[in-house]
Amino acid sequence: MNRKYPNLLSPGKIGKVQLRNKTVMAAMGMSQSDNGFVNKAVLNHYEARAKGGVGAVIVEVTCVDSPLGLNTNGMLIIDDDKYIPGMTELASVIHKGGAKAFLQISHTGRGARRKIIGAQPVGPSAVAMPYSFMMGLENETPRELTIDEIKAIENKYAQAALRAKKAGFDGVEIHCVGYYLGQQFLSSTANIRTDEYGGNRKNRIRFHINIVKKIRELCGDDFAIIIKLSVVEQGKDAGISLTDGIYYCKRFQKAGVDAIEILAGKWSSEAGKNEKPESAYPDCMAVPLSQLMKAGVLLETGKKPTIPYIAGGRAQNPQAAEEALSKGKCDLIFLGHALLVQPDLVNLINEGREDEIRPCIGCGHCIDQQLQHGGRAICSGNAVLARGDNDYNIEPAKKKKHVVVIGAGVAGVEAARIAAIRGHSVDIFDASSEIGGQMNLACKPPFKQHLGLLKPYLERQLELTGVNVHLGKALSKQDVLDMKPDAVVCATGVIPAVLKIEGAERAISANDVLSGCETGKNAVVIGGGSIGCETAELLCRQGKKVAIIELMDTLAGNTGKTAQTIMLGHLKHSGATLLTGCRVEEITPTEVVYKNKEGKISSVKADSVITAIGNRPKTELYDSLKDEIEEIYNIGDSNGGGVIPNAVYEGYITGNRI
């Protein structure tokens, strides 16, 4: 038993399924299948997490009824026996990694897209899925299912579970969260039926109770059943109250479910002033909700729940997870994005190597890339995730080289780290006195604190891999040539774009503000990209009267949808003036003059003017060296990288190419 985390790392149990520890990989849609079939990318993805030490792996949302139940084009499918061979291989690699294997089964219901399924979506009632900024989605009004169709879908769930059992899975998880059919039946706003499947809580849960009963009949008592449950919803379209959640927990336990994974739902088109983005979520944020459900069941029945409750939410902090388990707030810990960015997270915890854990920074690119852009989920920290076949093998270099990396931002550090792991001798240089590059400013705005966790990780990786770090030294072309490197990586970052208008000399940059420069009471930010909006939010929280002037029609368009909506909500609640589709004409000592799309000239009062009009790649050193050095690379912001996932990916690829 691990003495530091005796609860977290001691054996767990779901039904009759024994787990090596109390960690569970939460199901997270990756959208990387081939027409619903398991492929090499899927196998490698789950194999890495199973080998990484987690107790149980819940494979991502899998469709029981295609095409009507599909979520994305890359969604896994289990509605036909032809999918069993691939699923058998998937269960096998998970078991070989030492974890138990569960398959999340689902139907998307009213959340399905006509462009994907080729038909009108279906749902418990003809009620359209409302817009939720948490998912950035809404949808057309679905066709109400008939009772015969509902019973047919119940059978599809049961048959999907049977296929999972035949494939070697230890159990299934029924998806009842978010915009999926399982949640829709439980919600009084999504389900307004008046027949046996609606009208009250007892009827709204009938769909699920029938599914559980049918799975038991087909798969037996040894096959575990988990419910992933929204125990409460928030927002104007909320249809599940806390008392509903407690009732559902009681009913599922009585129906013979083996565990409940506790989550919450939200239906809101705008973010409230107290809403936080994922980059500021607290550790184990779903644990208090689990504690509340357990207390509610005890209060109503006089007995503690007899099945385990699974909770988590930013649970990569083992101290927080251990505390939740030791106090009985939950019984198992689910790990989600933490395992996307760090597949061997549990092994690192077990080996006392917590300082090597790459943190999830809460950027939301994983969700945004899949749901908003229809692609595979990607990660700002893990360059391998959903890229190609998810191959985590790093091959030793055939020829050991002296590598010089210029620039110690995230791209440069990743290139240096990978090159060193492969056996190269690596020196990394940066003109600054610290590593991190643009990241050192990016963590300064409000609600970006998790980004600050990345720097200690990068510093530790440079130390562990033996990279020689040289800070406070700007290199010239001759400096580089004098070192006679075998390969050079330029990751020299950016320089601010210049505002070419009258009075531009009166402005300061967003970087100046983020670095602590004081501003006047009336601040105007020119440029409404992510940096401009984040700087404006910081100024609002300092009590300044803020205006943003943006040439485009959208603010923070290069930010993930959820984070964008929350930030804009904060700006609106703070009283910021948001001027889109406007061009700045002049900066005077007292105001900023601008022109809108119709050509109307207006002005806004300004004691301080802050520019955030973007940056341009800093390529001078690369340009001077590219004809002098045979093996040279230009990566990250100096190559137009723009966002952290691109920078990390370029660094990873470059480190492997050298």
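Residues numbered from 1 in each chain as written. Predicted model: local features only at pLDDT ≥ 70, side-chain atom pairs only at ≥ 80, totals over all residues. Heavy atoms only, no water.

Quick look at the overall build of the protein chain now. A tally of regular secondary structure across the protein chain gives 22 helices and 28 strands. A compact globule built from 658 residues would reach a C-alpha radius of gyration of about 26 Å, and the protein chain, at 26 Å, matches this within 12%. Along the three orthogonal principal directions, the C-alpha set of the protein chain runs to about 75 × 65 × 50 Å. Expressed as a percentage of the 658 residues in the protein chain, the buried residues total 59%. Long-range contacts, defined here as pairs at least 24 residues apart, represent 71% of the contacts in the protein chain between residues at least 6 apart. (Helix = DSSP H or I, 4+ residues; strand = E, 2+ residues; numbered from the N terminus. Rg over C-alpha atoms; globule rule 2.2 N^0.38 Å. Buried < 20%, exposed > 50% of the residue type's maximum accessible area, 1.4 Å probe, protein only. Contact = heavy atoms within 4.5 Å.)

Moving on to empty space enclosed by the protein. Throughout the structure, instances matching the rule amount to three cavities of 30 Å³ or more. In this model, the largest cavity occupies a volume close to 130 Å³. Cys360, Ile361, Cys363, Cys379 and Ser380 are, among the 18 residues lining the largest cavity, the residues nearest its centre. When residues of the lining of the largest cavity are assigned to their parent elements, the largest contribution, three residues, is made by helix 11 (residues 337-341). (1 Å grid on protein atoms, 1.4 Å probe; cavity = no way out; pocket = protein on both sides within 12 Å on 5 of 7 lines; lining within 4 Å. Points joined across faces, edges and corners; volume = space filled by probe spheres on them.)

Moving on, we get to the sheet that holds strand 14 (residues 402-406). Overall, parallel pairing links the five strands, which are arranged 16-15-14-17-28 in an open sheet. The open sheet has two edge strands, strand 16 (468-471) and strand 28 (632-634), and neither has a second partner. Strand-to-strand twist of the sheet, defined as the mean angle between neighbouring strand axes without regard to direction, takes the value 15°. Bridge analysis of strand 15 (residues 425-430) against strand 16 gives four bridges, and the strand direction is parallel. When the sheet's bridge partners are listed, Asp427 is paired in strand 16 with Asn468. (Pairing = 2+ DSSP bridges. Axes fitted to C-alpha atoms, helices over the stretch in contact; angles between N-to-C directions.)

Turning next to the environment of Leu385. Among the structural elements, Leu385 can be located in the loop between helix 13 (365-372) and strand 14. Sequence separation between Leu385 and Ala41 is 344 residues; the distance between their C-alpha atoms is 9.3 Å. Each residue touching Leu385, except ones within four places of it in the same chain, is listed here: Met30, His45, Arg49, Leu340, Ala377, Ile378, Cys379, Asn390 and Tyr392.

Across the junction of Ser66 and Pro67, the peptide omega takes the value 5°, indicating a cis bond. Within the secondary structure, Pro67 is located in the loop between strand 4 (56-63) and strand 5 (76-77). A positive phi angle is found at Cys284, which is not glycine, with a value near 50°. Following the sequence through the fold, Cys284 ends up in the loop between strand 11 (259-266) and helix 9 (287-301). Positive phi values are uncommon outside glycine, yet Arg314 reaches one of about 50°.

Taken in spatial order, the five strands make up an open sheet running 19-26-20-21-22, and their pairing is parallel. Looking at the sheet topology across the chains shown, the edges are occupied by strand 19 (508-509) and strand 22 (577-580). Relative to strand 21 (residues 545-550), strand 20 (residues 522-526) is paired through five bridges, and the arrangement is parallel. Across the sheet, Ala523 pairs through a bridge with Val546, a residue of strand 21. Along the sheet, helix 19 (residues 530-541) makes contact with strand 20, strand 21 and strand 26 (608-611), crossing strand 21 at roughly 170°.

Centre-to-centre distance and the angle between the planes together describe a pair of aromatic rings. This structure, assessed with the given rule, holds six aromatic pairs. Residues Phe185 and Phe207 carry aromatic rings whose centres are separated by 4.3 Å and whose planes lie at 15° to one another, so their mutual orientation is stacked. Pair noted here: Phe185 is in helix 5 (residues 181-186) and Phe207 is in helix 7 (residues 206-219), with a separation of 22 residues, a long-range link. Take Phe185 and Phe207: they sit in the same class, and that class is buried. Taking 5.9 Å as the distance between ring centres and 65° as the angle between the ring planes, the aromatic pair formed by Tyr247 and Tyr248 counts as edge-to-face. Residue Tyr247 shares its accessibility class with Tyr248, and that shared class is buried. Over the face of the ring belonging to Trp267 we find Arg110, whose NZ or CZ atom lies 5.6 Å from the ring centre. (Phe/Tyr/Trp six-rings, centres within 6.5 Å; stacked < 30°, edge-to-face > 60°. Lys NZ or Arg CZ within 6 Å of the ring centre and 35° of its normal.)

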